[in-house]
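# A look at the structure
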Amino acid sequence: MTTDISKATGTATAPAPRTTLLRALTAAGGLAAMASTFLAWTWTSDFPGDLTVYGYPGGLQILTLALGLATLAFALAALNVRGLRWLTPTGSTKPLRLLALGTFATTWFTLIAIAVSQGGLVNLEPGGWVAAVATAVPVATTLLLPDDTRPLCRPVPLPSWADILIIAAVFTLGLYVVNYGIQTDEDNPEPFIGYLIALCFAATALLRAGLITRLSGLTSAYRSLTLVAALVTAIVFPFTQDKASYTELGVNIAIFATVALGLNIVVGLAGLLDLGYVAFLGVGAYTAALVSGSAASTIHVTFPFWAAMLTGALVSLIFGVVIGAPTLRLRGDYLAIVTLGFGEIFRIAVSNLDGTSGPSVTNGPNGVPNIPPLKIFGFSFDDDHSFAGLTLDSNSNYYLLMLLVTVIVVLIFSRAGNSRIGRAWVAIREDETAATAMGINGFRVKLIAFALGATLAGVAGTIWAHVQTTVVPEQYVFAGPVPPNSTFLLAAVILGGMGTIGGPLLGAALLFLIPEKLEFLQDYQLLAFGIALILLMRFRPEGIIPNRRQQLEYHETGQLDVPDQAALSGSTVGVTKAEA
Amino acid sequence: MTTTTVAKAAPVLTATGVTMRFGGLTAVRSVDLDVHPGEIVGLIGPNGAGKTTFFNCLTGLYIPTEGRVSYRGTVLPPKPHLVTQAGVARTFQNIRLFANMTVLENVLVGRHTRTKEGLWSALLRGPGFKRAEAASKQRAMQLLEFTGLADKADHLSRNLPYGEQRKLEIARALASDPGLLLLDEPTAGMNPQETRATEELVFAIRETGTAVLVIEHDMRFIFNLCDRVAVLVQGEKLVEGSSDVVQSDERVIAAYLGTPFEGAPGAEEAAAVEAAEDQAAQQSTSARTEDGQ
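Predicted model only: the values in this text are computed from it and were never measured.

### Quick look at the interface of chain A and chain B
On the side of chain B, 45 residues touch chain A, which itself brings 36 residues to the contact. Of all the elements in the fold, those that place two or more residues in the side of chain A that touches chain B are α14 (394–417), α15 (420–430), α16 (432–437), α17 (442–468), α21 (548–554) and α22 (565–579) of chain A. Counting residues per element, the side of chain A that touches chain B draws most heavily on α22(A), at 8 residues. Tallied by class, residues from the side of chain A that touches chain B come to 18 nonpolar, 8 polar and 10 charged.

Next up, the structure:
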């Protein structure tokens, strides 16, 4: 460890000529990779994305171009080029290595995919071979580079307009990256796999370069501005889609992300493992369907949507309390099993309330079809609407409504989490006996968390019913190939990061998008889930977006971990004060 | 002098005939104990004497099989959170902090019974909520200052050194503004300096008007600290009284050290052993002096 530090300081003062040469070679490799994307990689246009054109990049070549550009920029930053040094606050070698590997992996994946899908290496044009060599060079050179990891220094203060511009640029770039992923071809898996490879390496490289830490410092300094920017980006999203099906993906992601966030209150904050959460989504959806005025509904009433939403929330709340009141007296594994049972009871009960096996309420296994489109104050969600040159199609309408609900749920999560009741939830999760000894009524507090989670799922369910236009019992299973199911929601929370806001949103987006884009995976979705969760528990148990607490829980290297000497001596002073 | 004045005041805690049975095992048998305002009472006894069980009966973690526990004249309900709300706070023998919460958050959780902002006020964030939250934080920081942990408010409690975790448990218990604080082995595993600091802390707590009932094995600590000491042996209260009374009580010594049994080594043997030891010691010292020369 100490040798590493001495090396790092050595290179910082005067880099060895060998290091400079290696960095220059890396930069040249990045440049060559970029250049190669302007050549044709294959002669056949059968491969998705048009890689046959000399003169401009297309399809997967764009990923190589972007990663090559990043490699070039980081290599120049490592060479101390003025104006680029901000790219590497915590050292350049590790991010360079990751970027070089990412470029290499993406490009070679593309080339191998061409060879495999088209039948042989003959299908590669000379441009492809150039790309293969050009991306291999930086991998070799960066592996030879000495490690120059250094602690994060204080950022150079920028004028506030520059900070604001940076935040705006980051969100624009983020929207572009998300759109690239969403707009990849559904029929061929190759572009999306390439996108995932590139995204993984690039995100890790940014993390290792310290840029993510820098950025989170910036966003916490401009909290409200960041929230506005995030909201604006989310609102702009449907207008940047050229196909209705892409916006529909957005609607589904928003619904599942919201439900996962609701589950995060129960699992992440209060620590109650709920394996039947999808039942509450079902309660909300069924309630909305029955009062929607659908011809198949057994209750022939038509509520306006706001009333249907409130009814859905209320019925879910009642179910939450009714199911929670007996089960929340159990702890840990017992609670998990009982909630799993209740989730299944919901599904089986609903498919039997058909008039023959039970009272006629839900129409049995046929469910409630033909749910009419939403109408709020005469604004029909199924029609296109034009405002000031912008056209809102049906999916955009639902997306924007769902976005509103998501924002409300985010607000509820953050406000409830950061309050007396939220601290009580976390205390219960940490040590229930100690929490009750501190005066917390454990049962009551847990029931509030359970009922709040149920209510939020119910609200999302009312919209889900209208988006789907049909509700059937088989949608609300414990584990299944299509979301929503309890396993999907729980996996979204765990993958993203328990107890955070961004975690379930990101987790639900990834878990929904990956099977959607990679159709060949759909048969093996549960297997892929299992493997992904095992790998996650091994390498990043706190989830993709960790909670500060959990990060410290799993990794012993947090700043707060080391009690510094100054603090120790300070505390003894405190004691003498108390004695006096 | 102080003891005579406090003895007249109405007791904070009155336990009468507390009995706790687990099946056929009687862990605590008909124990009476009073704690008066401003008093520090010690509870000692050999391992397994039922001290912690008695504590659990007082704080509602166990429901006593027989007997009654009342705080300031009202009978305590058998629910831990209601006991804390009534004004009896406790610490645990094996530290039970909320390990992954910060030091400040731990103390804020302790404020739970003295604040009442529910879910709605948290969601609406009205002025009342902000005021209550600020007041809670201020009181929590005061307590951290009092226990000497103020500069570690943002540390995770699991990262505190052992002695400070004990202090944080006390701060967390004090956050509920208790009239009686129950400390279960507050100095277990501490070095002499830390024990001394804890002693000072308990005195400082008494100064604030909180009565203290403390279980401890460290006799020096107990006899320095307590106005009155009760001895629990095999679930029964053996003696209760000032330090001197307890220290000189033969039954207490017997409970800790055992009594001579029938046919035990008599005085003659003991004298013989002592003489032999003296001789050996003299020989070894003379041998050493010879070596030195």
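### Some words on the domain arrangement of chain B
Residues and elements named next belong to chain B. Looking at chain B, the domain boundaries give domain 1 (1–87 + 178–281) and domain 2 (96–176). Its C-alpha centre places domain 1 at a distance of 29 Å from the equivalent point of domain 2. Across the contact, 10 residues belong to domain 1 and 10 residues belong to domain 2. For the side of domain 1 that touches domain 2, the secondary structure elements donating two or more residues are α3 (80–86) and α8 (192–207). Here the residues of the side of domain 1 that touches domain 2 sort into 6 nonpolar, 3 polar and 1 charged.

### Considerations on the domain arrangement of chain A
Partitioning chain A into structural domains gives domain 1 (2–232) and domain 2 (256–515). If you average the C-alpha positions of domain 1 of chain A and of domain 2 of chain A, the two centres end up 39 Å apart.

### A word on the sheet that holds strand β10 (residues 236–241) of chain B
All names here are of chain B. The sheet built from 6 strands is open, its strands ordered β6-β7-β8-β3-β9-β10 with mixed pairing. Bordering the open sheet on either side are β6 (88–90) and β10, each of which pairs with just one other strand. Each neighbouring strand pair of the sheet contributes to a mean axis angle of 20°, computed without reference to strand direction. By the bridge criterion, 4 bridges tie strand β3 (residues 40–44) to strand β9 (residues 228–233) in an arrangement that is parallel.

### Focus: the environment of Phe319(A)
All names here are of chain A. Mapping Phe-319 onto the fold places it in helix α12 (residues 305–327). Residues Phe-319 and Pro-89, spaced 230 residues apart in sequence, show a C-alpha to C-alpha distance of 52 Å. Those residues in contact with Phe-319 that lie beyond four places of it in its chain are Phe-280, Val-283 and Ala-454.

### Considerations on the packing of helix α2 (residues 17–36) of chain A against helix α3 (residues 61–78) of chain A
Residues and elements named next belong to chain A. Where α2 contacts α3, the axes come no closer than 8 Å and their chain directions differ by 160°. Viewed along their axes, α2 and α3 adopt a mutual orientation that is roughly antiparallel. Considering only the axes of α2 and α3, their crossing is left-handed. Between α2, through Arg-23, Thr-26, Ala-27, Gly-29, Gly-30, Leu-31, Ala-33 and Met-34, and α3, the contact on the second element is made entirely by Thr-64, Leu-65, Gly-68, Leu-69, Thr-71, Leu-72, Ala-75, Leu-76 and Ala-78. Its residues placed into classes, the contact of α2 with α3 shows 10 nonpolar, 6 polar and 1 charged.

### Digging into α3(A)
An α-helical turn contains 3.6 residues, so any two residues separated by three or four positions project in the same direction. Residue and element names in this part refer to chain A. Helix length check: α3, at 18 residues, gives a terminal C-alpha distance of 25 Å against a target of 26 Å (1.5 Å per residue), a fit within 8%. α3 sits mainly inside the fold: 15 of its 18 residues count as buried. Backbone geometry just after α3 places Asn-80 at a positive phi near 65°.

### A word on unusual backbone geometry
A cis amide bond links Pro483(A) to the next residue, Pro484(A), at an omega of 0°. Position of Pro484(A) relative to the elements: it lies in the loop between α17 and α18 (486–496). Not every positive phi belongs to a glycine, and Asp177(B) is a case in point at roughly 45°. Its location among the elements puts Asp177(B) in the loop between α7 (162–174) and β7 (180–184). The phi dihedral of Glu185(B) falls on the positive side, at around 50°, and the residue is not glycine. Here Glu185(B) is to be found in the loop between β7 and α8.

### Regarding the confidence of the model for chain B
Scored by pLDDT, chain B comes out at a mean of 87, with 91% of its residues at no less than 70. This model gives residues 1–7 of chain B a pLDDT under 50, and the stretch forms 6 contacts once residues within four places in sequence are excluded.

### Describing the environment of Gln61(A)
Here Gln61(A) lies in helix α3. Ignoring sequence-local partners within four residues, the contact set of Gln61(A) consists of Thr37(A), Trp41(A) and Leu51(A).

### So, the packing of helix α4 (residues 93–118) of chain A against helix α5 (residues 126–144) of chain A
Residues and elements named next belong to chain A. Contact pair α4 / α5: the axes reach a minimum separation of 8 Å and the direction vectors enclose 155°. Here α4 is positioned roughly antiparallel relative to α5, judged by the angle of their axes. Between α4 and α5 lies a crossing whose hand is left-handed. In this structure, α4 uses Thr-93, Leu-96, Arg-97, Ala-100, Leu-101, Thr-103, Phe-104, Thr-107, Trp-108 and Leu-111 to contact α5, whose residues at the interface are Gly-128, Ala-131, Ala-132, Thr-135, Ala-136, Pro-138, Val-139, Thr-142 and Leu-143. When its residues are assigned to classes, the contact of α4 with α5 shows 12 nonpolar, 6 polar and 1 charged.

### Describing the sheet that holds strand β2 (residues 25–35) of chain B
Residue and element names in this part refer to chain B. Here we have 4 strands laid out as an open sheet, ordered β2-β1-β4-β5, and antiparallel in their pairing. The open sheet terminates on both sides in strands that have one partner only, identified here as β2 and β5 (74–75). Bridging between strand β1 (residues 13–22) and strand β4 (residues 66–71) involves 5 bridges; their strand directions are antiparallel. When the sheet's bridge partners are listed, Thr-19 is paired in β4 with Glu-66.

So, how was this worked out
Residues numbered from 1 in each chain as written. Chains lettered and ligands numbered in written order. Predicted model: local features only at pLDDT ≥ 70, side-chain atom pairs only at ≥ 80, totals over all residues. Contact = placed C-beta atoms within 7 Å. Helix = DSSP H or I, 4+ residues; strand = E, 2+ residues; numbered from the N terminus. Nonpolar A, V, L, I, M, F, W, Y, C, P; charged D, E, K, R; others polar. Domains from an automatic or database assignment. Pairing = 2+ DSSP bridges. Axes fitted to C-alpha atoms, helices over the stretch in contact; angles between N-to-C directions. Parallel < 35°, antiparallel > 145°, perpendicular 65-115°, else oblique. Left-handed = near helix turned anticlockwise from the far one by under 90°. Expected span 1.5 Å × (residues − 1). Buried ≥ 20, exposed ≤ 12 C-beta atoms within 10 Å, placed from the backbone. pLDDT = per-residue confidence, 0-100.

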